[in-house]
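# Fold and geometry: a report
Here is how the chains run, residue by residue.
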Amino acid sequence: MSFSSKFLILSALIVLILAAFSINEYDYSSQIGHGMVINEEQLSQFKYESNGLIVNKVSNTIYINNSSVLLIEQSPGMGKMNSTFEEYFMINGMINPTIIAKDGIRIKLVIVNMDNMEHNLAIINQPPPYPYMIMGGGMMGSSVKFLLYSNYLPPYSGGTNYPALIINFDANQMGTYWYLCTYPGHAQEGMYGKIVID
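Attention in this report is confined to the structure presented alongside it. (Residues numbered from 1 in each chain as written. Predicted model: local features only at pLDDT ≥ 70, side-chain atom pairs only at ≥ 80, totals over all residues. Heavy atoms only, no water.)

### A look at the overall build of the protein
Along its length, the protein carries 2 helices and 14 strands. Long-range contacts, defined here as pairs at least 24 residues apart, represent 70% of the contacts in the protein between residues at least 6 apart. About 10200 Å² of surface is accessible on the protein, with carbon and sulfur atoms providing 59% of the total. (Helix = DSSP H or I, 4+ residues; strand = E, 2+ residues; numbered from the N terminus. Contact = heavy atoms within 4.5 Å. Areas by Shrake-Rupley, 256 points an atom, 1.4 Å probe, with all protein chains shown as cover.)

### Considerations on the packing of aromatic side chains
Between two aromatic rings, the relevant description is the distance of the centres plus the angle of the planes. Summed over all chains, the structure comprises 5 aromatic pairs. Centroid distance Tyr 152 to Tyr 183: 6.0 Å. Interplanar angle 85 degrees. Geometry classified as edge-to-face. Of the two residues, Tyr 152 sits in the loop between strand 11 (146–149) and strand 12 (161–171) while Tyr 183 sits in the loop between strand 13 (175–180) and strand 14 (192–197), which places them 31 residues apart along the sequence. Taking the centre distance of 4.8 Å and the plane angle of 25 degrees together, the rings of Tyr 156 and Tyr 162 count as stacked. When its relative accessible area of 22% is taken as the criterion, Tyr 156 is described as partly exposed. (Phe/Tyr/Trp six-rings, centres within 6.5 Å; stacked < 30°, edge-to-face > 60°. Buried < 20%, exposed > 50% of the residue type's maximum accessible area, 1.4 Å probe, protein only.)

### Re the environment of Met 135
Structurally, Met 135 can be placed in the loop between strand 10 (122–124) and strand 11. Take Met 135: its relative accessible area is 28%, and that puts it in the partly exposed class.

### A word on the pattern of salt bridges
Scanning all chains against the criterion turns up 1 salt bridge. Arg 106 is paired through a salt bridge with Asp 170; the nearest N and O atoms lie 2.8 Å apart. Here Arg 106, found in strand 9 (residues 105–113), pairs with Asp 170, found in strand 12; they are 64 residues apart in sequence, far enough to count as distant. Judged by its relative accessible area of 33%, Arg 106 is partly exposed. (Salt bridge = Lys/Arg side-chain N within 4 Å of Asp/Glu carboxyl O.)

### What to know about the nonpolar core
Counting residues in each nonpolar core, the largest one holds 29 residues, and the members touching the most others are Ile 64, Leu 70, Ile 107, Leu 109 and Phe 169. By size, the runner-up hydrophobic cluster in this structure holds 12 residues, among which are Met 36, Leu 71, Met 114 and Tyr 162. (Core = buried A, V, L, I, M, F, W, Y, C linked by side-chain atoms within 4.5 Å.)

In structure tokens, the structure reads:
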């Protein structure tokens, strides 16, 4: 076997190994970085693309039966004025709704920070209640499984541009999970909801 053939085979193996290590349970390939911003027009477009969801405001539930866009707004905490939560997610006009997703579908999560503090999104198998510190020893025992853990979004600083992340999430592990913000105190103050994959 010639040197060029060996080099070609070795190069192909390196590419395959790198590809294998870049595959996760979630796909950051569409994430445009920690500092991505979206404007009001893009936000409206994502709201329009979310129309394939079945939303039941009476039961505070969103059903996702096929690949779709889910707009997750990390809204300013309004305390007891607008909800029973200090911190919360606003998804399709509902506070911390239950999300029921069909097994095997891909959901484009559009996470937008409209608050003046950092937020992120994690999906875990641990139900509430949550301690003040979720990360760094708060509840990180061997039984906690993360399906998704995003970067923190920087605070919203005013104007018509919002910090955002776009993550393709493959709902391919049946079970009951919880989405939450891992910023200290946020999940403890109510920034979480249930997600069921069936």
